[in-house]
Amino acid sequence: MDIRKLFVKKENEKAKPAQVIVNMVLALAAIYLFFMLSLKRLDMKLDFSLLWKFRIRYLQGYKTTVMLSIVSLILSLVIGFISAIGSRSNILPISYISRIYVQFIRGTPMIMQVYLFFYIVGTAWGISNRFLAGVLILSIFEGAYISEIFRGGIESIDGTQLEAAKAIGLEPGQTMRLVILPQIIKRTLPSLAGQFASIIKDSSLLSLISVIELTQTSREVSATNFAVFEVYMFLGLLYLTLTFPISMFTKYLEKRFSYENRT
Amino acid sequence: MKIELKSVTKSFSDRNEVLRDITVEEDFGALAIIGPSGSGKSTLLRILGGLILPTSGEVIIDGQRLQFEEKYLIGHRRNVGFVFQAKGLFNHLTGRQNITMPLIHVHGYGKKEADDVADMLLERFGLMNDADKLPAELSGGQQQRIAIARAVATRPKLLLLDEPTSALDPELTNEVLDMIKELRNEGLNIILVTHEMGFAKKACDKIFFLYEGRLLERGSSYEFFSSPKTPQSAAFLSKILEWNV
Ligand SMILES: Nc1ncnc2c1ncn2[C@@H]1O[C@H](COP(=O)(O)OP(=O)(O)OP(=O)(O)O)[C@@H](O)[C@H]1O
Ligand SMILES: [Mg+2]
């Protein structure tokens, strides 16, 4: 048997199940080896049992990250939608505010925004609840990206669809509700799902303002037991339990979406 | 049905006039609007359908003068059917939902009533197998027939069609034209923009010939095709019929 067949799939074909298993194991083994070698060079042994006694705090942090992400997702969808509609508005001040907002947020690092907004939102407006401040900051940040996703969705709607809506006698509000929104949602769902994964990861930066989510919890744990390797490997694993399913879901949506749009 | 146009003009922004001073009065059952590309056919049809406003002039359909304000026009659009060249079906809705949506949300039908109307039409035009598919899953001919079914489901007195077959292969063209003919035979008034001269000649009683925004020739389609009266219409016909068998 040709040994290459085990590792190389045919162009334009899916890998066979046996190929998938063998090669996935190989890839994981290679990564594992790299980590082990690194540890060996440092002469360290991993001991994950050190983390067990922090389980309550981890659970709390995990819950906070999930809550933070879900609430921020909802709020950033609202902000993003308003901003996307706003940027297309014929009323210039609204349009400019929306565009400046998107440009500013997307053009500057989040870490800077976290600090800046924390002082504006937190101090100037007296929002002392860190969770709330975190949600606001994260939503404002993600809203700009979601705004662009929605704007792309709106622009991808064929002009004839809008003309047809007009022709059957829909009023503008009905056109929005019955034609534009459902089409945008369908088209942007894969990107929005992907953005949700980003929200989860980006929420880690809220540790900077001491929102006690997963990353902050890990920082605190590692400060007491100095098990940096274990703590951060475990942290990565925890984020993956959230982002991996979403990434699979995104792939599924993309596939379905491309099917429905074949012509 | 009778339409009257009085000095209708249309220009987009500061460009040349797309329609120039069209004044005409015509009784028709099926009216074909023909003419070279860019002559203003779609623009005229859209004005008749209340989708765009003329720059000046009056349009009177069956004695009713179109008032060019949105509120009135929404009502007008609800009373006529409009079919586009292609892609006029809502692509997030199935064939049946495309038909029921205007019935439910514009004409106040209940879900059940609307489904009954849709099924009746789908059955009648041999579209039952396509009822639950999305437009992207249908052939161009099936899409156009569903678009026509949607347009007539609300029982309009007038159906406007803008080149309903020009995006279709010849064999699909016929199934769509047959459907239009059948609706015409039932007494539905039709105005269609078309390049299908056979259909314009045999199935339409009246013709408008547009040329560079002007209504150069009009009247009975039989006369138009047997003896075009202007050099432009003669040239247009000989060009378009050049490869006809
Ligand atoms: N929304 C618009 N804005 C600017 N110009 C337009 C617009 N719609 C149409 N036009 C112009 O008006 C002219 C007539 O267009 P129209 O679509 O009515 O022609 P047509 O006779 O339907 O042509 P075709 O056979 O190619 O469909 C064209 O020159 C076109 O570029
Ligand atoms: Mg046209």
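Bear in mind the structure is a predicted one, so any value in this text is a computation, not a measurement.

Examining the interface of chain A and chain B
Taken together, the contacts link 23 residues of chain A with 23 residues of chain B. A combined buried area of about 2,100 Å² lies between chain A and chain B, and 57% of that area is made up of carbon and sulfur atoms. When residues of chain A are sorted by the area they lose upon contact with chain B, Glu-163, Lys-166 and Ile-168 of chain A head the list and together hold 25% of the total. Inspection of the region where chain A meets chain B yields 2 salt bridges. Between Glu-171 of chain A and Arg-78 of chain B there is a salt bridge, with the nearest N and O atoms lying 3.6 Å from each other. Summed over the shared surface of chain A and chain B, the number is 10 residue pairs in polar contact (both at pLDDT 80 or more). Put simply, the parts of the chain that give the side of chain A that touches chain B at least two residues each are α7 (159-167), α8 (172-202) and α10 (228-260) of chain A. Residues belonging to the side of chain A that touches chain B are distributed by class as follows: 9 nonpolar, 6 polar and 8 charged.

A look at helix α4 (residues 111-124) of chain B
Residues and elements named next belong to chain B. Taking 1.5 Å of rise per residue, the 14 residues of α4 would be expected to cover 20 Å, and the 20 Å separating its terminal C-alpha atoms lies within 8% of that figure. All buried positions along α4 are accounted for by Ala-114, Asp-115, Val-117, Ala-118, Leu-121 and Leu-122. The buried side chains of α4 occupy one side of the element, clustering within an arc of 160° when seen end-on. Along α4, exposed side chains directed more than 90 degrees from the buried face belong to Lys-112 and Glu-123. Elements that come into contact with the buried residues of α4 comprise α3 (95-105) and α5 (140-153). Following α4 by one or two positions, Gly-126 has its phi on the positive side, about 65°.

Regarding the nonpolar core
All names here are of chain B. Ranked by internal contacts, the top residues of the largest apolar core, which has 46 residues, are Ile-34, Ile-148, Leu-159 and Ile-180. In terms of residue count, α5 provides more of this core than any other element does, 7 residues in total. Counting 40 residues, the second-largest nonpolar core is a separate cluster that includes Ile-33, Leu-48, Leu-51 and Leu-158.

Focus on helix α2 (residues 70-79) of chain B
Buried within α2 of chain B we find Leu-73, Ile-74, His-76 and Arg-77 of chain B. Along α2 of chain B, the residues classed as buried sweep out an arc of 165° about the axis, all on the same side. In α2 of chain B, the exposed positions that point more than 90 degrees away from the buried face belong to Lys-71 and Asn-79 of chain B. In the core, the buried residues of α2 of chain B are packed alongside α7 of chain A together with α1 (41-48), β4 (56-61) and β6 (80-83) of chain B.

Here's the deal with empty space enclosed by the protein
Summed over the entire model, instances satisfying the criterion amount to 1 cavity of 30 Å³ or more. As a volume, the largest cavity reaches approximately 120 Å³. Of all the elements in the fold, those that place two or more residues in the lining of the largest cavity are α7 of chain A together with α2, β6 and α5 of chain B. No other element matches the 3 residues that β6 of chain B contributes to the lining of the largest cavity.

Some remarks on unusual backbone geometry
Its identity is not glycine, yet Ser-210 of chain A carries a phi of approximately 60°, on the positive side. Within the secondary structure, Ser-210 of chain A is located in the loop between α8 and α9 (214-225). For Lys-87 of chain B, which is not a glycine, the phi torsion comes out positive at approximately 60°.

Some points on the site of ligand 1
Residue and element names in this part refer to chain B. The environment of ligand 1 is formed by 13 residues, the closest being Ser-37, Gly-38, Lys-41, Ser-42 and Thr-43. A distance of 3.0 Å separates an oxygen atom of ligand 1 from a polar atom in the backbone of Gly-40. At 2.6 Å from an oxygen atom of ligand 1 is found a side-chain nitrogen or oxygen belonging to Ser-42. By residue number, the principal contributor to the shell around ligand 1 is α1, which donates 3 residues. The residue makeup of the shell around ligand 1, split by class, is 3 nonpolar, 7 polar and 3 charged.

The rules we used
Residues numbered from 1 in each chain as written. Chains lettered and ligands numbered in written order. Predicted model: local features only at pLDDT ≥ 70, side-chain atom pairs only at ≥ 80, totals over all residues. Heavy atoms only, no water. Contact = heavy atoms within 4.5 Å. Buried area = accessible area lost by both parts, 1.4 Å probe. Salt bridge = Lys/Arg side-chain N within 4 Å of Asp/Glu carboxyl O. Polar contact = N/O pair within 3.5 Å; in protein donor to acceptor, adjacent residues only side chain to side chain. Helix = DSSP H or I, 4+ residues; strand = E, 2+ residues; numbered from the N terminus. Nonpolar A, V, L, I, M, F, W, Y, C, P; charged D, E, K, R; others polar. Expected span 1.5 Å × (residues − 1). Buried < 20%, exposed > 50% of the residue type's maximum accessible area, 1.4 Å probe, protein only. Arc of directions from axis to C-beta. Core = buried A, V, L, I, M, F, W, Y, C linked by side-chain atoms within 4.5 Å. 1 Å grid on protein atoms, 1.4 Å probe; cavity = no way out; pocket = protein on both sides within 12 Å on 5 of 7 lines; lining within 4 Å. Points joined across faces, edges and corners; volume = space filled by probe spheres on them. Near = heavy atom within 4 Å.

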